[in-house]
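Remarks on the overall topology
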Amino acid sequence: MNEANKISQIEIKKDSKILKNHWTKSQKLYINIFKPVLDFFFALLGIVLLSPLFLIVVIAIKIDSKGPVFFRQKRIGKDKKEFYILKFRTMRTDTPKDIPTHMMGNPDLFITRIGRFLRKTSFDELPQIINILKGELSIIGPRPALWNQFDLIAERDKYGVNSVYSGLTGWAQINGRDELPVKVKARFDGEYVEKMSFLFDCKCFFVTITYVLKHEGVAEGGTSEKHKQEEAVNENKNNKELITK
């Protein structure tokens, strides 16, 4: 482990200690015991109930375009540990490699028909239920940053956000999601970490459902145009890697 990583780990332990001292006994009980159990139970229930939808989406992707059904993307999770998030593929496999979206001329040409629908409805995020079952994600929590979103990761350090599990959706997502500047998003994430509780998680969950149904606060990609470009490039790289295997 190099010096930078050692310092990073020390900061995480420090943040975690501060958070644990700040949380009430009921918060600690929920965060350490009930939240992980609820995550696993509802993720398992979700897999069972949504399996027909998963099957339909898988068939639609295969019919719509050539290539893999899923793509993996490296993200930063709890304690800054790297893991691979799962999504349904939404772009064609012939998307120009390593070219940012804004340089493609017309990037919409490379988003598949089913991909456009999946992004609009956020259905492309559903495979992350598998990440929850594996213990890499929580249902509610700060969205995991891309491995190269150094500005967001550093900003989250100020609020102890990197010392808790990332989530499928969270407080920042229902307060602007992709349109939020990095510093504002990190502050919302910090507010969530401070207020973590069963009732607060329920609020985040049901407001998210409402927003998804209304297609509010939804933008393709991440927290900025740069993030959108990175997601497009990362997805294209993964598509090509999977095809060549």
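In this report, we go over the structure that sits alongside the text. (Residues numbered from 1 in each chain as written. Predicted model: local features only at pLDDT ≥ 70, side-chain atom pairs only at ≥ 80, totals over all residues. Heavy atoms only, no water.)

**Observations regarding the overall build of the protein**
Defined as follows: Runs of E in the DSSP output that reach at least two residues are strands. Runs of H or I that reach at least four are helices, and both are numbered from the N terminus. Burial classes: relative accessible area under 20% of the type maximum marks a residue as buried, over 50% as exposed, and values in between as partly exposed (1.4 Å probe, protein chains only). Accessible surface is estimated by sampling points in the Shrake-Rupley manner with a 1.4 Å probe; for residues, cover comes only from the protein chains shown.
A tally of helices and strands in the protein yields eight helices and five strands. Ordered by position in the sequence, the α and β elements of the protein form the string α-α-β-β-α-α-β-β-α-β-α-α-α. Counting over 245 residues, the protein shows a buried share of 47%. A total of about 13,100 Å² of accessible surface is found on the protein, and carbon and sulfur atoms cover 63% of it.

**Remarks on the pattern of salt bridges**
What counts here: The salt bridge definition used is simple: a Lys or Arg side-chain nitrogen within 4 Å of an Asp or Glu carboxyl oxygen.
Inspection of the entire model under this criterion finds eleven salt bridges. For glutamate 82, the salt bridge identified is with lysine 74, shortest N-O distance 3.9 Å. Of the residues examined, lysine 74 reaches a relative accessible area of 24% and is grouped as partly exposed. Between glutamate 155 and lysine 158 there is a salt bridge, and its shortest N-O distance comes to 3.2 Å.

**With respect to the sheet that holds strand β1 (residues 70-76)**
Short version of the rule: Strand pairing is assigned whenever DSSP detects at least two bridges linking the two strands.
Strand order in the open sheet formed by three strands is β2-β1-β4, with antiparallel pairing between adjacent strands. Edge positions in the sheet fall to β2 (82-88) and β4 (145-146), since each of these pairs with one other strand and no more. Sheet topology places β1 next to β4; two bridges connect them, and they run antiparallel. Bridge pairing in β4 places isoleucine 76 opposite alanine 145.

**A short note on the pairing of β2**
Summarising burial for β2: five of the seven residues are buried, a large majority. The pairing of β1 with β2 spans seven bridges and is classified as antiparallel. The residue of β2 that forms the bridge with arginine 75 is phenylalanine 83. Between β1 and β2, which pair antiparallel in sequence order, lie five residues; one of them, aspartate 79, sits at a positive phi of approximately 60 degrees.

**What about helix α6 (residues 182-195)?**
Rule in force here: To estimate the expected span of a helix, count its residues, drop one, and scale the result by 1.5 Å.
With 14 residues, α6 extends 20 Å from end C-alpha to end C-alpha; this agrees with the ideal 20 Å at 1.5 Å per step. Listing the buried residues of α6 in full gives Val182, Lys185, Ala186, Phe188, Asp189, Gly190, Tyr192 and Val193.

**Some points on the packing of aromatic side chains**
In this description, an aromatic ring pair is defined by two values, namely the gap between the centres and the angle between the planes. Operational definition: Aromatic pairing here means that ring centres of Phe, Tyr or Trp (its six-membered ring) are within 6.5 Å. Orientation follows from the plane angle: under 30 degrees is stacked, over 60 is edge-to-face, and everything else is tilted. Put simply, a charge is over a ring when the Lys NZ or the Arg CZ is close to the ring centre, within 6 Å, and near the line of the ring normal, within 35 degrees.
Counted under the stated rule, the structure contains nine aromatic pairs. Each ring, one from tryptophan 147 and one from phenylalanine 150, has its centre 6.3 Å from the other, and the planes form 85 degrees; the classification is edge-to-face. Classification of tryptophan 147 as partly exposed rests on a relative accessible area of 34%. Among the aromatic side chains, those forming a connected cluster through ring pairs are Phe54, Phe70 and Phe88. Note that arginine 72 overlies the ring of tyrosine 84, its terminal NZ or CZ placed 4.2 Å from the centroid. If you follow lysine 78 out to its NZ or CZ, it ends over the ring of tyrosine 165, 5.5 Å from the centre.

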